[in-house]
Amino acid sequence: MTHSHRDDAPADFSLFRRKILIGGGVILGALAAPPIATIAADSAGSAYPSQFMELSGLLIAHRLDRDVGLRLAAALRMKDPAFEAKVGGLLQIAKGKNAKVVEDFFADVPEGPLKDAALLIVSSWYLGVIVDAPDAEVFAYELALMYQPTSDVMTIPSYAISAPNGWTSQAPPLSEMPIF
Amino acid sequence: MANEDSADVIIVGTGIVGCLVAEQMLDRGLSVLMLEAGPRVDRWRIVENFRNLPPTLRLHFDAAYPPKVWAPHMESYTDAAAAEYLQLEGPNARAYRQGYIRYAGGATWHWAGICWRLTPQDMRLKSLYGVARDWPFDYDTLEPYYTRAEYAIGVCGPSDPALQWPSIRSKPYPMGPLPFGPGEQRFTDAAARIGLKNLPSAQARNSRVAYDGRPPCCGNNNCIPVCPIAAKYDAATALPKIEAKGGRIRANAVAYRVETGPKNAIEAVHYFDSDKISHRVTGKMFVLACNGIETPKLLLLSKDERNPKGVANSSDQVGRNMMDQPKLVAELTLAEPMWTGVGPVQGSSIMQTSQGEFRGRHGGALFRFNNMARSTFGGVAAVRKGLVGKALDAEIRRLSACTAEIAIEHELLPDPNNRLTLSDKKDWLGINKPNIYYDVGDYVRRCAQEYSVPLVRKLAAELGAVDTQVSTVFTNSDHIMGGMIMGANPADSVVDPDCRAHDHPNLFLPGGGAMTTGGCGNSTLTMAALALKAADAVIDQARQG
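Residues numbered from 1 in each chain as written. Chains lettered and ligands numbered in written order. Predicted model: local features only at pLDDT ≥ 70, side-chain atom pairs only at ≥ 80, totals over all residues.

1. Comments concerning the overall build of chain A
Item 1. Scanning chain A for helices and strands turns up 5 helices and 0 strands.
Item 2. Going from the N terminus to the C terminus, chain A shows its helices and strands as α-α-α-α-α.
Item 3. For chain A, buried positions account for 33% of its 180 residues. (Helix = DSSP H or I, 4+ residues; strand = E, 2+ residues; numbered from the N terminus. Buried ≥ 20, exposed ≤ 12 C-beta atoms within 10 Å, placed from the backbone.)

Here it is in structure tokens:
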């Protein structure tokens with residue numbers, strides 16, 4: 001499998017700030033492309049993986065990596081056999097509100113198993129793990145979304161965004177959220 | 001015999017001290033065999049180990065280095081795990097939870113790369129302030145070795161004497177300083193406003209240019225636990241050089257006994273391999289460089305009829321005077337972004353606060369802005385708040401950018417009561433685990449109360465902190481010193497000014513354990529300088545036969 005974000009593909013990992021802006025444009029374009037719901041159902045014919053990705057897209061308004069998502073979907077269902085039903089329940093609430101982003105429907109998710117499931121999906125995408133505990137399986141490192149809100153300044157540890165002595169003490173204001 | 005081997009020089013330990021000594025020996029035509037308790041691994045493996053850690057574990061540098069059962073080291077991820085290997089007691093037991101790994105290359109893998117020198121005053125505490133001990137030689141004697149060490153491992157630093165620490169130097173640094181990121185610059189500016197100078201650190205990281213076959217630093221911000229590109233000096237690049245010069249490195253070889261002969265010269269080192277099979281290696285000269293805990297442990301384990309208190313221990317000082325720089329940490333929350341994670345994880349410190357007439361009453365302190373990217377911390381903390389959507393992203397950005405950490409590392413005096421002994425508890429091979437009693441002492445406590453904590457609060461206020469939490473429990477800085485203390489008098493010290501054991505003519509114990517006092521700065525460059533000084537003595541002695 002090719003990982004364009006890995007450091008063994010340096011040509012794809014040259015993130016001077018100007019290029020981040022250009023890249024931001026590309027990412028916006030990707031978001032406008034056919035949504036994640038077009039992902040094929042799994043071999044058993046279940047709609048669950050594509051429902052998981054569709055719900056993830058509604059919970060998180062960022063570009064989501066398909067490989068990471070499919071692995072997360074499988075692991076969450078393995079951990080909790082009722083997870084698939086919870087995904088369905090959450091999708092129903094979102095569709096009932098004609099939601100486009102999480103702010104459109106999250107207040108309508110009842111406290112309890114459904115809300116816990118929604119927060120677990122969000123935290124899994126952001127942290128790259130389902131549980132943050134020793135021996136936990138890591139589903140995403142450099143693609144974990146928690147690194148993205150600071151990606152205009154902070155290095156994802158071990159992945160350089162600079163060049164020899166190429167960094168400076170300049171930093172943008174807090175309000176300039178990167179696009180990801 | 002299959003399990004016998006020999007070389008001119010036997011070196012136990014493959015960290016910075018063992019590696020520097022080995023190269024010197026090989027350059028003079030002496031044969032070298034190095035023994036390493038732990039495994040030998042490639043850089044990519046450690047990098048992948050790190051990236052495959054769950055977020056909170058990434059903050060524990062040792063988690064990327066799982067120990068082998070035959071070579072245990074302290075694992076810090078829980079208190080229970082941390083209590084497995086190092087047995088700690090005393091009022092400040094927590095402050096001696098020393099991080100080091102038993103892998104080929106030792107702590108060079110995960111060190112921050114900071115290369116402060118001692119000052120002339122740091123070496124004369126008794127004469128100047130009436131406390132502790134004086135070193136048996138002065139700064140001018142050590143200076144040429146500092147310079148050689150800086151060129152051997154590749155240290156970058158400022159050319160402006162006003163920014164050097166200390167500025168008494170015989171040659172410039174081999175490379176210029178690394179730039180500051182935004183947080184480090186803001187810290188420097190705030191310090192300046194209250195009369196303190198935050199200096200660019202001397203660092204064993206290549207600045208702008210390649211050096212000694214290693215590339216320049218690109219700011220991967222991962223010096224701890226591993227530099228992914230080898231810009232920092234570490235053993236993954238040093239060990240192949242040693243082998244290229246003909247040195248032999250035996251990994252998974254756990255030294256457990258140093259054997260003495262009739263004239264109390266060292267004759268052999270015994271080690272277990274990973275199948276618990278014992279081996280014996282003989283040589284003309286022996287260098288133990290297993291770090292400040294493992295070396296005294298090995299000496300104590302080696303007691304025999306001639307040396308009933310342990311090898312090199314007629315003074316009863318082996319394992320005593322255990323030192324470090326006890327650390328407190330100030331956690332700041334700021335209204336404005338500070339930003340970390342740009343450049344190396346550490347790149348500067350306030351050093352002037354390590355010096356002063358106050359040293360008759362309390363120790364000095366070093367203040368360091370920690371530049372490790374706070375995005376992992378910010379991400380985990382924001383997610384735990386149960387936020388979603390734009391609120392989550394904004395909180396991650398705020399917590400990552402508008403929080404900061406200032407470490408305070410305190411000067412501690414050598415105290416014979418701070419002592420390493422052999423625990424009754426044994427490891428997988430049946431070797432006694434180290435037991436350490438530790439009390440940071442009133443010298444450190446007074447510094448915190450009267451000097452360092454009030455000063456860090458002033459710094460925090462100047463930075464615009466809206467909340468400042470200063471830890472109240474001293475923790476480890478991982479600068480293990482003192483356990484084979486150096487002195488001119490064999491009655492109260494373990495090694496002579498060349499790190500030669502007073503008791504054994506062909507046994508050398510260079511490194512942090514030999515340091516007479518520790519100052520406030522990271523100990524590595526002094527260890528490296530002592531390694532080169534010892535290497536000269538080994539070579540001279542080998543020549544004389």
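Moving on, there is more to tell.
2. Some points on the overall build of chain B
Item 1. When its secondary structure is counted, chain B shows 12 helices and 16 strands.
Item 2. Since a compact globule built from 545 residues should have a radius of gyration of about 24 Å, the 22 Å found for chain B is in line with a globular shape.
Item 3. Expressed as a percentage of its 545 residues, the buried residues of chain B come to 61%.
Item 4. At a minimum sequence separation of 6, the contacts of chain B that also span at least 24 residues come to 72%. (Rg over C-alpha atoms; globule rule 2.2 N^0.38 Å. Contact = placed C-beta atoms within 7 Å.)

3. Digging into the interface of chain B and chain A
Item 1. Contacts between the two partners involve 46 residues from chain B and, on the opposite side, 41 residues from chain A.
Item 2. Top contributing element to the side of chain B that touches chain A by residue count: helix H10 (residues 389–401) of chain B, with 7 residues.
Item 3. Its residues placed into classes, the side of chain B that touches chain A shows 24 nonpolar, 17 polar and 5 charged. (Nonpolar A, V, L, I, M, F, W, Y, C, P; charged D, E, K, R; others polar.)

4. A closer look at the sheet that holds strand E3 (residues 87–89) of chain B
All names here are of chain B.
Item 1. Ordered by their spatial adjacency, 3 strands build an open sheet running E3-E14-E13, and the pairing between neighbours is mixed. Single-partner strands in this sheet number two, and they are E3 and strand E13 (420–426). Here the strands of the sheet are splayed against their neighbours by 30° on average, with no regard to which way each runs.
Item 2. Alignment of E13 against strand E14 (residues 432–437), held across 4 bridges, turns out to be antiparallel. (Pairing = 2+ DSSP bridges. Axes fitted to C-alpha atoms, helices over the stretch in contact; angles between N-to-C directions.)

5. Here's the deal with the environment of A:Lys79
Item 1. Relative to the helices and strands, A:Lys79 is located in helix H3 (residues 66–79).
Item 2. Here the alpha-carbon distance between A:Lys79 and A:Ile130, two residues 51 residues apart in the chain, equals 9.6 Å.

6. What about helix H4 (residues 83–96) of chain A?
Residue and element names in this part refer to chain A.
Item 1. With 14 residues, H4 extends 20 Å from end C-alpha to end C-alpha; this agrees with the ideal 20 Å at 1.5 Å per step.
Item 2. Where H4 is concerned, the buried positions are Phe-83, Lys-86, Val-87, Leu-90 and Ala-94. Looking down the long axis of H4, one finds its buried residues gathered within 100° of arc, a one-sided arrangement. Facing away from the buried side of H4, by more than 90 degrees, are the exposed residues Gln-92, Lys-95 and Gly-96.
Item 3. Residue Asn-98 follows H4 closely and has a positive phi angle near 55°. (Expected span 1.5 Å × (residues − 1). Arc of directions from axis to C-beta.)

7. Section: unusual backbone geometry
Residue and element names in this part refer to chain B.
Item 1. Here the bond from Trp-165 into Pro-166 is cis, since omega is -20°, no more than 30 degrees from zero.
Item 2. Note on placement: Pro-166 falls in the loop between helix H5 (139–153) and helix H6 (182–193).
Item 3. Geometrically, the link from Ile-224 to Pro-225 is a cis peptide bond, its omega value of 10° lying close to zero.
Item 4. Tracing the backbone through its elements, the reader meets Pro-225 in the loop between strand E4 (198–200) and helix H7 (235–244).
Item 5. Here Arg-208, not a glycine, exhibits a phi torsion of approximately 70°, which is positive.
Item 6. If you trace the backbone, Arg-208 turns up in the loop between E4 and H7.

8. Here we look at the packing of helix H5 (residues 113–127) of chain A against helix H9 (residues 375–384) of chain B
Item 1. In contact at an axis separation of 10 Å, H5(A) and H9(B) are set at 180° when each is read in the N-to-C sense. When the axes of H5(A) and H9(B) are compared, the pair comes out roughly antiparallel. Contacts between H5(A) and H9(B) involve A:Ser123, A:Tyr126 and A:Leu127 on the former and, on the latter, B:Gly379, B:Val380 and B:Val383.
Item 2. A breakdown of the residues in the contact of H5(A) with H9(B) according to their chemical character gives 4 nonpolar, 2 polar and no charged. (Parallel < 35°, antiparallel > 145°, perpendicular 65-115°, else oblique.)

9. Focus: the nonpolar core
Residues and elements named next belong to chain B.
Item 1. Judged by nonpolar contacts, the single largest core of 219 residues is most densely connected at Val-21, Leu-509 and Ala-528.
Item 2. Ranked by residues supplied to this core, first place goes to helix H12 (residues 524–543) with 10 residues.
Item 3. Look past the residues within four positions of Ala-528 in its chain and what remains in contact with it is Ile-16, Val-17, Leu-20, Ala-149 and Ile-153. (Core = buried A, V, L, I, M, F, W, Y, C linked by C-beta atoms within 7 Å.)

10. As for the pairing of strand E7 (residues 266–272) of chain B
Residue and element names in this part refer to chain B.
Item 1. Judged by how many residues are buried, E7 sits mostly within the fold: 5 of 7 residues are covered.
Item 2. Direction of pairing for strand E6 (residues 254–260) relative to E7: antiparallel, over a ladder of 6 bridges. Note on E7: the bridge partner recorded for Arg-257 is His-270.
Item 3. In sequence, E6 turns back onto E7 through a hairpin of 5 residues, with Asn-264 there showing a positive phi of about 65°.
Item 4. Where E7 meets strand E8 (residues 278–288), 5 bridges bridge the pair, whose relative direction is antiparallel. Looking at the pairing, Phe-272 lines up with Ser-278 of E8.
Item 5. Where E7 folds back onto E8 in an antiparallel hairpin, the turn is made up of 5 residues, including Lys-276, whose phi is positive at roughly 65°.

11. Overview of the confidence of the model for chain B
Item 1. Across chain B, pLDDT averages 97, with 99% of residues at or above 70.
Item 2. Model confidence for the complex is summarised by a pTM of 0.93, with the ipTM given as 0.95. (pLDDT = per-residue confidence, 0-100.)

12. Some points on the packing of H4(A) against H5(A)
Residue and element names in this part refer to chain A.
Item 1. Closest axis-to-axis distance for the H4/H5 pair is 9 Å, and the angle between their directions is 95°. If you check the angle between H4 and H5, you find them roughly perpendicular. Judged by residue contacts, Phe-83, Lys-86, Gly-89 and Leu-90 of H4 engage Pro-113, Leu-114, Ala-117 and Ala-118 from H5.
Item 2. Its residues assigned to classes, the contact of H4 with H5 shows 6 nonpolar, 1 polar and 1 charged.

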